[in-house]
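As a plain string of letters, each chain reads:
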Amino acid sequence: MKKRIFVLNGHPGGTSLSKRLSEAYAQAATKAGHDLRLTHLHDLTFDPDFGEGSYKTLKPLEDDLQAVAADLEWSEHVVLLTPMWWGGVPAKLKGLFDRVLLPGFAFDPRQKRLGLPKPLLAGRTARLIMTSDTPDWFFRLAYGRAMVRQLRAQVFGYVGIKPLRVTHFSEASHPAPKVVERWSDAVAALGRAAR
C-alpha cells in the first residue's frame, strides 16, 4: 500500500553515513511507488535555540522549520536517521525538536490525560535508523538504550507518533565499504516496504 513518507536525515554534516543511508531509503521507497519527502538537516537554516521564547510567546519559525512542520503534518510515516553523539542526538537536531514540536502543533497542553498533554500528531508511525560507535550489546546492557527510550517515549510518543521501530548500526565510525553496502541494502529494503 502506498504511503506518504517523510525522511529526515538528522546529521548536521554535508557528507555522512546518515545521508547515504537516507538517500538509499528514499530512492528505494520512491521506486516502490511511495510518496516521499527527504530533508537533510545540514541544508536547513534556523536558530536551534528556543532562547527567550515561551509557550505563550512563541519564537516565529523560520521558513525551513515551517517546511519541516508541513512535512510532518503531511506524512503517514516518519523516518529519522541520526548518529548517536555523547548518548543523544546532535545538538542541531535537538534544536529542531525544540523549535518545531510546539504546543498547538505537536501537542495540546490544555487537554490532559493522566497529567500528560494530548498528542496532536497521532496516526503516524516512525522508524529510527541510528548509527553509533557503541556496540549494540553494550548500548543495551550498559546504557539501557537510553537514546532510543528518550526518542520513543519523550519525543515521538509524546506527540503521538508510534510505534517507533529501531534499526541500529553499531561500530559505525570506520565501517568497511562492504559493511556500508550491506547497511544500505538493509535500509533500502525498509524503504521499499515503507517500514
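Residues numbered from 1 in each chain as written. Predicted model: local features only at pLDDT ≥ 70, side-chain atom pairs only at ≥ 80, totals over all residues. Heavy atoms only, no water.

Draft legend 1. Region of the structure containing the side chain of H11. Mapped onto the fold, H11 is located in the loop between β1 (4-9) and α1 (17-31). Owing to a relative accessible area of 15%, H11 belongs among the buried residues under this scheme. Of note is the side chain of H11, whose polar atom sits 2.9 Å from the backbone nitrogen of G13. Those residues in contact with H11, other than ones at most four positions away along the chain, are S16, S18, L41, H42, L81, P83 and W85. (Helix = DSSP H or I, 4+ residues; strand = E, 2+ residues; numbered from the N terminus. Buried < 20%, exposed > 50% of the residue type's maximum accessible area, 1.4 Å probe, protein only. Polar contact = N/O pair within 3.5 Å; in protein donor to acceptor, adjacent residues only side chain to side chain. Contact = heavy atoms within 4.5 Å.)

Draft legend 2. Local environment of the environment of V148. As for its placement among the helices and strands, V148 is situated in helix α5 (residues 146-156). Its relative accessible area of 1% is what places V148 among the buried residues. For the pair V148 and A106, spaced 42 residues apart in the sequence, the C-alpha separation amounts to 20 Å. For V148, the residues in contact, after removing those within four places along its chain, are L128, M130, F139 and V166.

Draft legend 3. Quick peek at the pairing of strand β6 (residues 125-132). Of all eight residues in β6, seven are buried, a share of seventy percent or more. As judged from the seven bridges shared by strand β3 (residues 77-83) and β6, these two strands associate in the parallel manner. Paired with V79 across the bridge in β6 is R127. Alignment of β6 against strand β7 (residues 164-170), held across seven bridges, turns out to be parallel. When the bridges of β7 are listed, L128 appears paired with V166. (Pairing = 2+ DSSP bridges.)

Draft legend 4. Just α5, in detail. All of the buried residues along α5 are M147, V148, L151, V155 and F156. Each buried residue of α5 sits inside an arc of 105° when the element is viewed along its axis, so together they form one side. Facing away from the buried side of α5, by more than 90 degrees, are the exposed residues R149 and Q154. On the buried face of α5, the contacting elements are β3, α3 (91-100), β6, α4 (136-141) and β7. (Arc of directions from axis to C-beta.)

Draft legend 5. Quick look at the pairing of strand β2 (residues 35-40). Relative to β2, β1 runs parallel, the two sharing six bridges. Paired with I5 across the two strands is L36, which belongs to β2.

Draft legend 6. Just the sheet that holds β7, in detail. Read across the open sheet, the five strands follow the order β2-β1-β3-β6-β7; overall the sheet is parallel. Of all strands in the sheet, those bounded by a partner on one side alone are β2 and β7. Neighbouring strand axes in the sheet, compared pairwise and without regard to direction, differ in orientation by 15° on average. Taken together, the five bridges between β1 and β3 define a ladder with parallel strand orientation. If you follow V7 over to β3, its bridge partner there is V79. Sheet strands in contact with helix α6 (residues 177-193) are β6 and β7, and its direction is about 170° off that of β7. (Axes fitted to C-alpha atoms, helices over the stretch in contact; angles between N-to-C directions.)

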